[in-house]
Amino acid sequence: MSARDEILGRVRSALTTRPEGEVDVPRAYRDAVAPVSGDAMVDLFVERVEDYRATVRRCTVAELEQAVAEAVGQAQAVVPPGLDWQVPGAVADDGQSAAELDGIDVVVTAAAVGIAVTGTIVLDHRPDQGRRALTLVPDHHVCVVRASQVVATVPEAVAALDPARPLTWISGPSATSDIELSRVEGVHGPRRLEVLLVTDA
Amino acid sequence: MTATFVGMPVFPTAARAALADTQLRRNLAHATSTIRAKRLSVVSEVEEWEDLRLAGAAIKDQALLDLDQHLLRLEERLTANGAIVHWARDAAEACAIVAQVARDHEVDEVVKVKSMATAEIELNERLAEHGIAAWETDLAELIVQLGDDLPSHILVPAIHRNRAEIREIFLTRMAGAGKAAPADLTDDPPELAAAARQHLREKFLRAKVGISGANFAVADTGTLVVVESEGNGRMCLTLPEVLVSVVGIEKVLPTWTDLEVFLQTLPRSSTGERMNPYTSTWSGVTPGDGPQEVHVVLLDNGRTRALADEVGRQALRCIRCSACLNVCPVYERTGGHAYGSVYPGPIGAILNPLLRGPGSGDQVDSLPYASTLCGACFEACPVRIDIPTVLVDLRAQVVDAHRGGVPSAQSVAMKGAAWTFGSGARLRAATRASGLLGDVVRRFGRRSLPGGRSALGRLPGPGAAWSGARDMPTPPSESFRAWWRRTAGGTSETSGARDPEGGPGTPRPNPGTPTTTGDRSPDQSADPSGRPAAGPLDRGVGGGAL
């Protein structure tokens, strides 16, 4: 008998003593009032992202290119193919190897969703965010989040995202607490996370 | 690596050694108190926490009670998304599948994301037998691997090590495994983390094959989820050409939406953060992004055995957050190695016997007793696994597994107690005898308890082990029944000699007299300890024991 059939058979015989009926999942947690909305939600997002020792800079659409240029500074940046704005002097992603990306300092991308309560940004790796290696190997990630992309809670984010796409949820820079549980920022992922929050005003 | 849990001593023996290690106890007390405080603070931010726990428990139950259907759905979705699904009955089969994939790609090394399932099947050791080096990339796992040590915590495997010990391990061992640590390395945590970054980056950049587990496997979308902090997970999941994920069959969640519960409860319960720094999800192969060959090994290795246990199957809800370890008074003092498994602490005390079967060995059989039954683990568990109840049930199964053969001193004592309690006359005789014994002992007693009451010294014979860890007060010289008769129900305390037949107030025999001690009667469930009714010698003995 194949391992597959044997395991499925074991599962079925293990469940001959299952209780009658279906299990109802109580979803009362969904009745919880969303802690914030509107401007307060964006403020909470900023506060919680900064709580992870990431930096947040607010700007308007008109100020965005200037803000990106300041964040990148003199360093070399790589950008995904579908970015909506110019990053002067940036290298386009043309499938560089991981070792080549390791020689690049900064990456500039957009994001898919921001979560206020947890201070999380989520990338779904569409063309304005690029493949996963792009935001992983360079040491400094500049991530542009539009205020309209921010949701209050984790359930709202899960509902907004497409599971068919690979997703990367990011809360602050890479970190470890493995040494005496004291938090150290910057292990294997980007050691600096800079969020540019674009407001409509 | 040669370190292995095989052949570990039973828990009381291993615990005794751990308790004598003051460095270990200091490291653990610091670490567990830090993480308890962090967890408490972020859990208290969430008003609907209890509702999330209830939902999490129900989702996992739903997944487990229709596990065959969800596994088939998961396989179907993963295959449709370009992944290759394998099934493994046990550890040997799973390791052979992973080794075959590595051989097919002619590699002699792989990079690994920290994974409990691969630790459980001892994948690194098996790959080494095939000449394949498996590099752990989580900082704590790296410390354990370089130190030729064993993990002692589910989340923070090197929790038993302090910074000075870690510096020493890096200085002496890193060079033999790749890039050496800087010679001027200090014990500053950021410097230690930087050394690990340097050491591992060259491995990430050249690795062709990555190995991971998964925190969740969503059946209706074929999505695997890995939750981590350092970015080493993202490196292993993204950079190699080939990815192999070893996934326990209990990791299945029915729907994508179910993740909304666990992505709230897992980070807060485990590291005490609102969200862990990185969560990666993938649903098969993504053209042009990440590994273009993805294997998923669905692992049984005792999980169907645990599933068949009606009381114990709830242990398969476990999401490996390790909150139960951090609140456990036993774990805090003995550390994880004493449990002799990659799953230590309260969850390990039930998961190991459930996966391997009570009666399968003295070491496993000792684990359900490695608890005070205080219930803190149940309180902390984000999926409401009633660990104390499962522990008590497993104790009964361990006893049942050892029936027949030479009875133990404890079972002889319990049988004797049952016989004594079975009749009023026998109980009266016994209490009278214990009163006489008390008189004798008090005369020669050498010890006294706080409050001045005299206590027995260490008992001789089979009672020695029992009294070695407990203070036992001397029995009173007069039983309650005798006192009741002598004083006419307390109305004439000063009345003369003991009156064996009692006065006018003599009560009828108490129908509530305890009858048996060995049976697990339903009304015992009110007492979460499941401890048998106290015998006459037991009065006043407080506290639990390991």
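Residues numbered from 1 in each chain as written. Chains lettered and ligands numbered in written order. Predicted model: local features only at pLDDT ≥ 70, side-chain atom pairs only at ≥ 80, totals over all residues. Heavy atoms only, no water.

**Topic: the overall build of chain A**
The helix and strand inventory of chain A stands at 5 helices and 12 strands. Computed over C-alpha atoms, the radius of gyration of chain A comes to 21 Å, more than 25% over the 17 Å expected from 2.2 N^0.38 for 201 residues, which places it beyond the range of a compact globule. Along the longest, intermediate and shortest principal axes, the C-alpha atoms of chain A span 65 × 45 × 40 Å. About 8400 Å² of surface is accessible on chain A, with carbon and sulfur atoms providing 49% of the total. For chain A, the distance from the average site of its 18 positive side-chain charges to the average site of its 30 negative ones is 6 Å. (Helix = DSSP H or I, 4+ residues; strand = E, 2+ residues; numbered from the N terminus. Rg over C-alpha atoms; globule rule 2.2 N^0.38 Å. Areas by Shrake-Rupley, 256 points an atom, 1.4 Å probe, with all protein chains shown as cover. Lys, Arg positive; Asp, Glu negative; His and termini not counted. Charge placed at Lys NZ, Arg CZ, Asp CG, Glu CD.)

**Here we look at the interface of chain B and chain A**
At the interface, 90 residues of chain B touch 72 residues of chain A. Summed over both partners, the interface of chain B with chain A comes to about 7000 Å²; 59% of that surface belongs to carbon and sulfur atoms. If you look at where chain B meets chain A, you find 13 salt bridges. The partner of aspartate 289 of chain B in a salt bridge is arginine 132 of chain A, and the shortest N-O contact between them spans 3.2 Å. If you look at where chain B meets chain A, you find 41 residue pairs in polar contact (both at pLDDT 80 or more). (Contact = heavy atoms within 4.5 Å. Buried area = accessible area lost by both parts, 1.4 Å probe. Salt bridge = Lys/Arg side-chain N within 4 Å of Asp/Glu carboxyl O. Polar contact = N/O pair within 3.5 Å; in protein donor to acceptor, adjacent residues only side chain to side chain.)

**Some points on helix H3 (residues 49-65) of chain B**
Residues and elements named next belong to chain B. Taking 1.5 Å per residue, 17 residues should reach 24 Å; H3 reaches 24 Å between its end C-alpha atoms and fits that length. Burial analysis of H3 places 12 of its 17 residues in the buried class, the great majority of the element. The set of residues buried in H3 consists of Trp49, Leu52, Arg53, Ala55, Gly56, Ala57, Ala58, Ile59, Lys60, Ala63, Leu64 and Leu65. Taken together, the buried residues of H3 touch helix H2 (22-43), helix H4 (67-80), strand E8 (252-253), helix H12 (259-270), helix H13 (303-307) and helix H18 (376-380). (Expected span 1.5 Å × (residues − 1). Buried < 20%, exposed > 50% of the residue type's maximum accessible area, 1.4 Å probe, protein only.)

**Notes on the packing of H3 of chain B against H12 of chain B**
Residue and element names in this part refer to chain B. In the contact formed by H3 and H12, the axes pass within 10 Å of each other and the chain directions differ by 115°. The pairing of H3 with H12 is recorded here as roughly perpendicular in orientation. Pair H3 / H12 crosses with left-handed handedness. Residues Trp49, Leu52, Ala55, Gly56, Ile59 and Lys60 of H3 form the contact with H12, whose participating residues are Val261, Phe262, Gln264, Thr265, Arg268 and Ser269. (Axes fitted to C-alpha atoms, helices over the stretch in contact; angles between N-to-C directions. Parallel < 35°, antiparallel > 145°, perpendicular 65-115°, else oblique. Left-handed = near helix turned anticlockwise from the far one by under 90°.)

**Re empty space enclosed by the protein**
In this structure the tally under the stated criterion is 6 cavities of 30 Å³ or more. There is about 730 Å³ of room inside the largest cavity. Elements that contribute at least two residues to the lining of the largest cavity include exactly strand E10 (175-176) of chain A together with H2, helix H6 (116-120), strand E6 (223-228), strand E7 (242-248) and H12 of chain B. Within the lining of the largest cavity, the residues separate by chemical class into 20 nonpolar, 12 polar and 12 charged. (1 Å grid on protein atoms, 1.4 Å probe; cavity = no way out; pocket = protein on both sides within 12 Å on 5 of 7 lines; lining within 4 Å. Points joined across faces, edges and corners; volume = space filled by probe spheres on them. Nonpolar A, V, L, I, M, F, W, Y, C, P; charged D, E, K, R; others polar.)

**Let's talk about the pattern of salt bridges**
Overall, the coordinates contain 43 salt bridges over all chains when judged by the stated rule. A salt bridge links arginine 320 of chain B to glutamate 250 of chain B, with the nearest nitrogen and oxygen atoms 2.9 Å apart. Placement of arginine 320 of chain B in the loop between H13 and helix H14 (323-327) and of glutamate 250 of chain B in the loop between E7 and E8 is noted, with a sequence separation of 70 residues between them. You can call arginine 320 of chain B buried: its relative accessible area is 11%. According to the relative accessible area criterion, glutamate 250 of chain B is buried, its value standing at 3%. Among the charged side chains, a network of salt bridges with common partners joins Glu6 and Arg10 of chain A together with Arg89, Glu93 and Asp300 of chain B.

**A short note on the nonpolar core**
Most often, soluble globular proteins keep nonpolar side chains buried together rather than apart. Among the nonpolar cores identified, the biggest contains 153 residues, and Trp169 of chain A together with Leu71, Phe170, Leu298, Ile347 and Ile350 of chain B are the most heavily contacted of them. The dominant element in this core, judged by the number of residues it contributes, is H3 of chain B, at 7 residues. Residues within four places of leucine 71 of chain B in sequence aside, it is in contact with Leu8 and Val11 of chain A together with Trp87, Ile249, Val252 and Leu298 of chain B. (Core = buried A, V, L, I, M, F, W, Y, C linked by side-chain atoms within 4.5 Å.)

**A word on the pairing of strand E10 (residues 293-299) of chain B**
Along any regular strand the residues' side chains alternate between the sheet's two faces. Residues and elements named next belong to chain B. Counting buried residues in E10 gives 6 out of 7 residues, a clear majority hidden from the surface. In this sheet, E10 lies alongside strand E1 (residues 84-88) in parallel orientation, the contact comprising 5 bridges. Residue pairing for E10: tryptophan 87 is matched across the bridge by leucine 298. (Pairing = 2+ DSSP bridges.)

**What to know about the pairing of E7 of chain B**
Residue and element names in this part refer to chain B. In terms of residue burial, E7 counts as a mostly covered element, since 7 of its 7 residues are buried. Residues Val242, Val244, Val246 and Gly248 of E7 are buried on one face, and the alternating residues Leu243, Ser245 and Val247, pointing to the opposite face, are buried as well. As paired elements, strand E4 (residues 209-212) and E7 share 4 bridges and run parallel to each other. Counterpart to valine 209 in the pairing with E7 is valine 242.

**Some details on helix H9 (residues 163-177) of chain B**
Residues and elements named next belong to chain B. Taking 1.5 Å of rise per residue, 15 residues should cover 21 Å, and H9 covers 20 Å from first to last C-alpha, within 8% of that figure. When the local axis directions of H9 are compared, the greatest deviation, roughly 35°, occurs at leucine 171. Buried-residue contacts for H9 involve strand E3 (133-136), helix H8 (139-146) and helix H10 (189-206). One or two positions beyond H9, positive phi appears at glycine 178, with a value near 150°. (Bend = angle between axes of the 7 residues up to and from the residue.)

**Brief notes about the state of the cysteines**
Residue and element names in this part refer to chain B. Taken as a whole and judged by the stated rule, the model has 0 disulfides over all chains. The cysteine cysteine 236 is free of any disulfide, with cysteine 95 supplying the nearest cysteine sulfur at 17 Å. Counting only cysteine sulfurs, cysteine 321 is the nearest neighbor of cysteine 381, a cysteine outside any disulfide, at a range of 6.2 Å. (Disulfide = S-S within 2.5 Å.)

**Some words on the layout of surface pockets**
All names here are of chain B. Size it by volume and the second largest pocket reaches roughly 720 Å³. Contributing to the lining of the second largest pocket are 34 residues, with Phe5, Ala119, Glu120, Glu122 and Val342 lying nearest its centre. Of all the secondary-structure elements, those providing two or more residues to the lining of the second largest pocket are H6, helix H7 (123-129), H8 and helix H16 (345-356). Taken together, the residues of the lining of the second largest pocket break down into 14 nonpolar, 11 polar and 9 charged.

**Quick notes on the sheet that holds strand E13 (residues 472-473) of chain B**
Residue and element names in this part refer to chain B. In spatial order, the strands read E11-E12-E13; together these 3 strands make up an open sheet with antiparallel pairing. The strands lining the two open edges of the sheet, one partner per strand, are strand E11 (447-448) and E13. Note: strand E12 (residues 454-456) against E13, 2 bridges, orientation antiparallel. Of the residues in E13, the one forming a bridge with alanine 455 is proline 473.

**Some remarks on the confidence of the model for chain B**
For residues with low pLDDT, the predicted coordinates do not support detailed interpretation. Of the residues in chain B, 88% have a pLDDT of 70 or more, and the chain-wide mean is 87. Contacts from residues 498-546 of chain B, a stretch scored under 50 in pLDDT, to residues over four places away or in other chains number 55 contacts. (pLDDT = per-residue confidence, 0-100.)

**Looking at the environment of isoleucine 115 of chain A**
Here isoleucine 115 of chain A shows up in strand E5 (residues 113-115). Those residues in contact with isoleucine 115 of chain A that lie beyond four places of it in its chain are Phe45, Thr120, Val122, Val151, Ala152, Thr153, Val154, Ala157 and Trp169 of chain A.

**Digging into the side chain of glutamate 260 of chain B**
Along the chain, the position of glutamate 260 of chain B falls in helix H12. Of note is the side chain of glutamate 260 of chain B, whose polar atom sits 2.9 Å from the side chain of arginine 30 of chain A. Here glutamate 260 of chain B is in contact with Arg27, Tyr29, Arg30, Val154, Pro155 and Val158 of chain A, once residues within four sequence places are set aside.

**Here's the deal with the packing of H16 of chain B against helix H19 (residues 387-401) of chain B**
Residues and elements named next belong to chain B. At a closest axis distance of 10 Å, the pairing of H16 and H19 adopts a crossing angle of 40°. Between H16 and H19, the angle falls in the class oblique. For the pair H16 and H19, the crossing hand works out as left-handed. Contacts between H16 and H19 involve Pro346, Ile347, Ala349, Ile350, Pro353 and Leu354 from the former and Ile387, Val390, Leu391 and Leu394 from the latter.

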